[in-house]
Amino acid sequence: NLNVTKLNDGVPIQQENNPENWISLNSPLWGFPNGNTSIDDKYGKLYNWYAASSNICPMGFKVPSLADFFELSNFLGNNAGGKLKSNNDLFWINDNIDATNESGFTAYPAGYLRAIHQVYANFGLDCLFYARDELNSSVGNYILIFNGTGYIYYNAFEFVKESGMSIRCIKD
């Protein structure tokens, strides 16, 4: 999971650990998963969609589009979500069903920040990754991988762009 505090041009990304403030900010933000500053670096940081749609990835890399995630899922075939999930149970709260990490992607369950409800949720259970494109003017595209299955879910719930999720970068 991405773990940076600056855009690739060196501009700092604003840190915000109070979930009550995320809904009112529509510029790139980051925060710690579950609001906990001592969480293992493997979980990375949570970012809003404005960060995901910015130049957050290192040069030569990009945040995937939803189409990129579809392509990855089709390539991996059955149990695509399980092939992306870390199979190290130390990072998961409950059983991590169908996790093989065959792809080497090693998705960690950093949970998310639901800006509308102003809460962190599902740390240790869910991996949500922003796509760089948007579902509509209020909602950014994303994928959801959770501990209970090997599936990948696309835009399973409407999360406003101010919500916090993990980010992964792919080669451009």
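Residues numbered from 1 in each chain as written. Predicted model: local features only at pLDDT ≥ 70, side-chain atom pairs only at ≥ 80, totals over all residues. Heavy atoms only, no water.

**Quick look at helix α3 (residues 66-76)**
Link 1 in the chain: Along α3, the positions that sit buried rather than exposed are Leu-66, Phe-69, Ser-73 and Leu-76. When α3 is viewed along its axis, its buried side chains cluster within an angular range of 85° and face the same direction. What points out from α3, more than 90 degrees from its buried face, is the exposed set Glu-71, Asn-74 and Phe-75.
Link 2 in the chain: Elements in contact with the buried residues of α3: α4 (80-84), β7 (126-134), β8 (140-146) and β9 (153-154).
Link 3 in the chain: Just downstream of α3, Gly-77 is the residue with a positive phi angle, here 75°. (Buried < 20%, exposed > 50% of the residue type's maximum accessible area, 1.4 Å probe, protein only. Helix = DSSP H or I, 4+ residues; strand = E, 2+ residues; numbered from the N terminus. Arc of directions from axis to C-beta. Contact = heavy atoms within 4.5 Å.)

**Some remarks on the pairing of β7**
Link 1 in the chain: Here 6 bridges tie β7 to β8, and the two strands are oriented antiparallel to one another. Counterpart to Tyr-130 in the pairing with β8 is Tyr-142. (Pairing = 2+ DSSP bridges.)

**Some points on the pattern of salt bridges**
Link 1 in the chain: Going through the model one piece at a time under the given rule, you end up with 3 salt bridges.
Link 2 in the chain: Asp-68 serves as the salt-bridge partner of Arg-132, at 3.4 Å between the closest nitrogen and oxygen. Placement of Arg-132 in strand β7 and of Asp-68 in helix α3 is noted, with a sequence separation of 64 residues between them.
Link 3 in the chain: Salt bridges here are not isolated pairs; linked through shared partners, they connect Lys-62, Asp-68 and Arg-132. (Salt bridge = Lys/Arg side-chain N within 4 Å of Asp/Glu carboxyl O.)

**Brief notes about the sheet that holds strand β2 (residues 29-31)**
Link 1 in the chain: Taken in spatial order, the 3 strands make up an open sheet running β1-β2-β3, and their pairing is mixed. Only two strands of the sheet have a single partner each, and these edge strands are β1 (14-15) and β3 (46-47).
Link 2 in the chain: When β2 meets β3, the two strands line up antiparallel, connected through 2 bridges. The residue bridging Gly-31 from the neighbouring strand is Leu-46, located in β3.

**Some words on the nonpolar core**
Link 1 in the chain: Judged by nonpolar contacts, the single largest core of 27 residues is most densely connected at Tyr-43, Phe-129, Ile-143 and Ile-145.
Link 2 in the chain: Those elements giving two or more residues to this core turn out to be α3, α4, β7 and β8.
Link 3 in the chain: Setting aside residues no more than four positions away along its own chain, Ile-143 makes contact with Leu-66, Phe-69, Cys-127, Leu-128, Phe-129, Ile-152, Tyr-153 and Tyr-154. (Core = buried A, V, L, I, M, F, W, Y, C linked by side-chain atoms within 4.5 Å.)

**A word on the environment of Trp-30**
Link 1 in the chain: Mapped onto the fold, Trp-30 is located in strand β2.
Link 2 in the chain: When its relative accessible area of 5% is taken as the criterion, Trp-30 is described as buried.
Link 3 in the chain: Residues Trp-30 and Thr-5, spaced 25 residues apart in sequence, show a C-alpha to C-alpha distance of 7.2 Å.
Link 4 in the chain: Those residues in contact with Trp-30 that sit more than four places away from it in its chain are Thr-5, Ile-13, Gln-14, Gln-15, Glu-16, Trp-22, Lys-45, Leu-46 and Tyr-47.
Link 5 in the chain: Among the polar contacts made by the side chain of Trp-30, one reaches the main-chain carbonyl oxygen of Ile-13 at a distance of 3.2 Å. (Polar contact = N/O pair within 3.5 Å; in protein donor to acceptor, adjacent residues only side chain to side chain.)

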